[in-house]
Amino acid sequence: MTFFTDENLALAEEIIGRYPKPRSAMIPLLHLAQEQEGWVTDDAMTQIGELVGTTSAEVLGTCSFYEMFKRHPVGKYVINICTTMSCALMGAGDLMKHAESRLNVKSGSTTPDGLFTLEGAECQAACTEAPCLQVNYRHQYRVTTDQFDELIDELALSDHDVPDHGVLSQIRQHIPEDRSVGAVPPEDVKVAPVWFSEDGGS
Amino acid sequence: MSEQDVTEVTVTVNGTEIEAQSGEMLIAAADRAGVHIPRFCYHERMSSVGMCRMCLVDVDTGRGPMLQPSCMVPVSEGMIVDTESDDTKRAQEGILEFLLVNHPLDCPVCDKGGECPLQDQTLAYGPGESRFIEEKRHYEKPIPISDLVHLDRERCILCDRCTRFADEIAGDPLIQFTERGNSTQVLTFPDEPFSSYFSGNTVQICPVGALTAAPYRFKARPWDLEENESTCTTCSMGCRISVQSSRNELVRYLGVDVESVNHGWLCDKGRFNFEAVNSDERLTSPFVRDPDNQRQLLGTDWGSALASSAEAIRRAGPQKVGIIGGSRLTNEDAYAWSKFARSVIGTDNVDAQLGDGLPAELVLGLPPATIADACEADTVLVIGPDLKEELAILHLRLRGAATKGRTQVVQIGAATTGSDSYAQRSIRCQTGEAAKTLSELLSSDDPLAKQLSDGSVVVILGRSSVAESVDPAVATAAVIQAELPHATFLVAVRRGNVRGALDMGLAPGFLPGRTRISNPSASLTEKWKQIPEKSGLGTSEMLQAAAAGQIETLILLGADPLSDFPDRNLAADAIQKTKTVIAIDNFATSSVAQADIVLPATAYGEQSGTTTNIEGRISRVAQKITSPGSTRDDWMIATELAWRLGGDLELTSKEDIWREIEQVAPSHAGITLERVQSSEMFEGILVQQSSIDLALPVPKDTPVADGYGLRLISGRKLWDAATTTEQSPSLRHLAESPSIKVHPNDLQRLGIPSGTEVRVISTRATENLTVTADDNVQRGTAILPFNQPGVGANRFIDATAVINDIRIETL
Ligand code: SF4
Ligand code: SF4
Ligand code: FES
Ligand code: FES
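Keep in mind that what you see is a predicted model, and the values were worked out from it rather than measured. (Residues numbered from 1 in each chain as written. Chains lettered and ligands numbered in written order. Predicted model: local features only at pLDDT ≥ 70, side-chain atom pairs only at ≥ 80, totals over all residues.)

Brief notes about the sheet that holds strand 4 (residues 66-69) of chain B
Residues and elements named next belong to chain B. Overall, mixed pairing links the five strands, which are arranged 2-1-5-3-4 in an open sheet. Strands with a single pairing partner mark the edges of an open sheet, and in this sheet they are strand 2 (16-21) and strand 4. Adjacent strand axes in the sheet meet at a mean angle of 40°, parallel and antiparallel pairs treated alike. Here six bridges tie strand 1 (residues 8-13) to strand 2, and the two strands are oriented antiparallel to one another. If you follow Val9 over to strand 2, its bridge partner there is Ala20. (Pairing = 2+ DSSP bridges. Helix = DSSP H or I, 4+ residues; strand = E, 2+ residues; numbered from the N terminus. Axes fitted to C-alpha atoms, helices over the stretch in contact; angles between N-to-C directions.)

In structure tokens:
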């Protein structure tokens, strides 16, 4: 199966190389797939299975466990409005209603232009800043309806620094050779870790 | 935990002290002590996962009683357990109330109703009433997750048995828990069905009716079922099963857990091919060739069919009669035929194998190993067929030993196999050169050489390819005997009761009880009166003789040489040139359709007796239903023919036959009828004795490939055009149509794109086939399954050649 672009395939191989067991790279690769396509396609899961040596069904099992891996197309911006206690008390319900009428979609769906997906979400650990929401998992605090409209305008005009849905970070981790602990499967570790030794490994 | 660390501990369960082994789970210890703790997810053949919490019991390890899942808690010294405390009962009621929150309770239309652990345990331990009044979860009612298994997600209680089985035991993790929380459900990947060879086991172990088997759905209710314990004879593994019928029709086989053989598992072929027994295509009355129209068979009565058969045998005389087949038979039937051939006809031209097995001498004479020996050995050396395809449950046992135990599986062969995924090493050799590769390995400084010579070794030896003669396998045996004298063998001959048939002397030069014809026991000589002096012909030689016009009457004893003998041209020629072909069979196979006299025999499930598996273990086959039409047991046919030829086998019942076997067959001495009828037969009675001293011939060198052709490799697939598969409506379509596989570079060299139809040419035939490029095929070789529906490899094979080459050309 070819889903990944050449560039991403090389990256995928590199990511797999970081783990003692290829399977451990499954979740990072799912992120990579979501980054490439905005969501995780069936082809992506099949290729990930091939890359890490499992069946597509196992990849699906893992992928579908996580809410944040989308297995259907979503907008360029996924807006999650927190609907849990603190936010609810501070007006999340009204905010959601407003968002639905502003975007003209029901919570859980995507605007026809493919720009926005609106979702209700559980607590986003920003209860002191209620009501809050996330755009592609970037927080917005104490959001009023006006601020919401402003946000949507900015996003629509690309006048902002929120990357497309699927991009977790714009900085990719790179472990320099000399800082890498090396990938050794647990069963092959024969010596005690340095911090166990008397002199702390120095 | 290594074996030495296991100690005995004492645990108090419900006030009684029981002995247990440290490390074992409390639920298992309680089981052995006869205390049943309810459970859904725990299964003694799989790892514990603690998914369902039904097994919560009060456990006190010195800190006061606490509810703990007994399938996850290892026993420890002094543990005090109460499985009936108030807390336990409350927990059980609570868990069941929870499980039933989402369960549809559609028992009246559920296959499992009546034998359902959820039903039974709710009745025994449940709260009686639910407080849940809300709407239940709804899913599309059964969805097929494979051709054989349907899934009703509403009924699933998420015990993880099916998914655990698929991953841990079968090694086909094609079903998974997907989603989470309240939406968790078992599913396959879209468009990737649960097409495991072992899928039927999940239906058997599902503790609810979430998984149902297509061949059994809505066929019967458990309370209408009658059952008998028996042994699967589809292949020679001899898995123990329960044969179940309703209204005199076989409706289901279930796996029975036998420690020494199948651990309760069955392959789907063995599990579902009961459909063939019920087939409308069964032969139910005798037929003879129409004297006026040679192309037609006419129905007749037994009297005349037997009379003409006897006449044909008499006319031919002992030298010109041949008997091919017998591995479909029970031991008793095989004995009767063996005796009939030698003592009445006076011929030794008998062979239960169809030229695709190994010399009887090897099967009976190599130092034997058991399946358990293999699963405990340091190394299992597999030089033979793809076990996953040919002896599916042996593959499962080995996989278990390799993945959970400490056994290392090493394979030497020219093709990839289903064991590659768990083998420590899969050594690729040239076709037919395993012996050479092995001896090179043993004299090298490869650590594997030391592992093999220092540790225990069980060799699974068989024909790596039907397109090569027996020589390579014989050569391998010779190398192993010389260089690894401590190795023992499981000989991978696969057909039904082939082992028992050989034990009963259905092989040229051998008599019942693993003795040579030159060395009959005194009691045998006394009973049989006449024994041919010289060894007769094997299947290959019989067919050659027949083709040369030297066989006048050929008896096919449940054999279909046109489909099963490696060389179809020779078989066809032989059948055509033989004056009278008598076929004793269940179905009109392609060979039977060519016969002159057809005698219908009873089938599996319609006859009782014993069978012998690959390791020499005798177990029971049971009669469950009455046979259709005027079919007769094979032994009765032998007796009838004997009378008509003026002889008397002096055998009047299966019991009678067994008593005689016990007397005359030295290897079976002491295995009395009483023992065979006793509970000892649950595990089966292992016969390992043999008086055969092996004299292995010096093997010939394998001819060198000419660089022009591709060396043909051929083995069987689990799903192929085997008669019982073809006659089972649910299985028939599972066999893929044949395609010849070649390495992409070889195809490129020939300028042929993958997936096109090509002309395949051998010294024997020219046929059109689809060619597929496959990286896993060694360069210079071509793989064609032996017996797929359509063009089988038997058209291309010359049985007299050590190896067979083919050429591929564009059309
Ligand atoms: S389908 Fe059956 S075996 Fe599989 S998880 Fe559900 S209840 Fe358990
Ligand atoms: S492995 Fe052989 S004996 Fe066992 S169930 Fe399958 S066909 Fe029957
Ligand atoms: S309740 Fe909204 S962030 Fe916690
Ligand atoms: S049987 Fe113990 S948790 Fe299911």
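Examining the confidence of the model for chain A
Overall, the prediction assigns chain A a mean pLDDT of 91, with 94% of residues at 70 or greater. Per-element averaging of pLDDT across chain A places helix 1 (residues 6-17) of chain A at the bottom with 94 and helix 3 (residues 42-52) of chain A at the top with 98. (pLDDT = per-residue confidence, 0-100.)

Here's the deal with the sheet that holds strand 36 (residues 805-810) of chain B
Residues and elements named next belong to chain B. Spatially, the six strands close up into a barrel ordered 31-35-32-34-33-36, and their pairing is mixed. On average, each strand axis in the sheet is inclined to that of its neighbour by 45°, with strand direction left out of account. Of the pairings in the sheet, the one linking strand 31 (residues 710-713) to strand 36 comprises two bridges and is antiparallel in character. When the bridges of strand 36 are listed, Leu710 appears paired with Ile806.

Observations concerning the domain arrangement of chain B
As assigned here, chain B comprises domain 1 (3-84), domain 2 (313-351 + 499-601 + 628-682), domain 3 (361-491) and domain 4 (710-810). Here the C-alpha centroids of domain 1 of chain B and domain 3 of chain B sit 39 Å apart. (Domains from an automatic or database assignment.)

Some words on the site of ligand 1
Within the structure, ligand 1 sits among 13 residues, and Cys156, Cys159, Cys162, Cys206 and Ala210 of chain B are positioned closest to it. For the shell around ligand 1, the residue count by class is eleven nonpolar, no polar and two charged. (Near = placed C-beta within 6 Å. Nonpolar A, V, L, I, M, F, W, Y, C, P; charged D, E, K, R; others polar.)

Examining the site of ligand 2
All names here are of chain B. Cys232, Thr234, Cys235, Cys239 and Gly270 are the nearest of the 13 residues found near ligand 2. Of all elements in the fold, only helix 6 (268-272) and helix 13 (392-404) reach the threshold of two or more residues within the shell around ligand 2. The residue makeup of the shell around ligand 2, split by class, is eight nonpolar, four polar and one charged.

Details of helix 16 (residues 471-483) of chain B
Residues and elements named next belong to chain B. The terminal C-alpha atoms of helix 16 lie 18 Å apart, and with 13 residues this matches the ideal 18 Å at 1.5 Å per residue to within 8%. Among all positions of helix 16, only Pro472, Ala473, Val474, Ala475, Thr476, Ala477, Val479 and Ile480 are buried. Check the buried side of helix 16 and you find it contacts helix 10 (360-365), strand 18 (379-383), helix 14 (434-442) and strand 21 (457-461). (Expected span 1.5 Å × (residues − 1). Buried ≥ 20, exposed ≤ 12 C-beta atoms within 10 Å, placed from the backbone. Contact = placed C-beta atoms within 7 Å.)

Notes on the domain arrangement of chain A
Its domain assignment divides chain A into domain 1 (6-71) and domain 2 (77-156). Computed over C-alpha atoms only, the centres of domain 1 of chain A and domain 2 of chain A are separated by 29 Å.

Digging into the packing of helix 19 (residues 539-547) of chain B against helix 21 (residues 568-577) of chain B
Residue and element names in this part refer to chain B. It is the contact of helix 19 with helix 21, at a shortest axis distance of 7 Å, that shows an interaxial angle of 55°. Accordingly, the angle class assigned to the pair helix 19 and helix 21 is oblique. Read as a crossing pair, helix 19 and helix 21 show a hand that is left-handed. Residue-level inspection shows Leu543, Gln544, Ala546 and Ala547 of helix 19 in contact with helix 21, the latter providing Leu570, Ala571, Asp573, Ala574 and Lys577. Among the residues making up the contact of helix 19 with helix 21, the classes are represented as six nonpolar, one polar and two charged. (Parallel < 35°, antiparallel > 145°, perpendicular 65-115°, else oblique. Left-handed = near helix turned anticlockwise from the far one by under 90°.)

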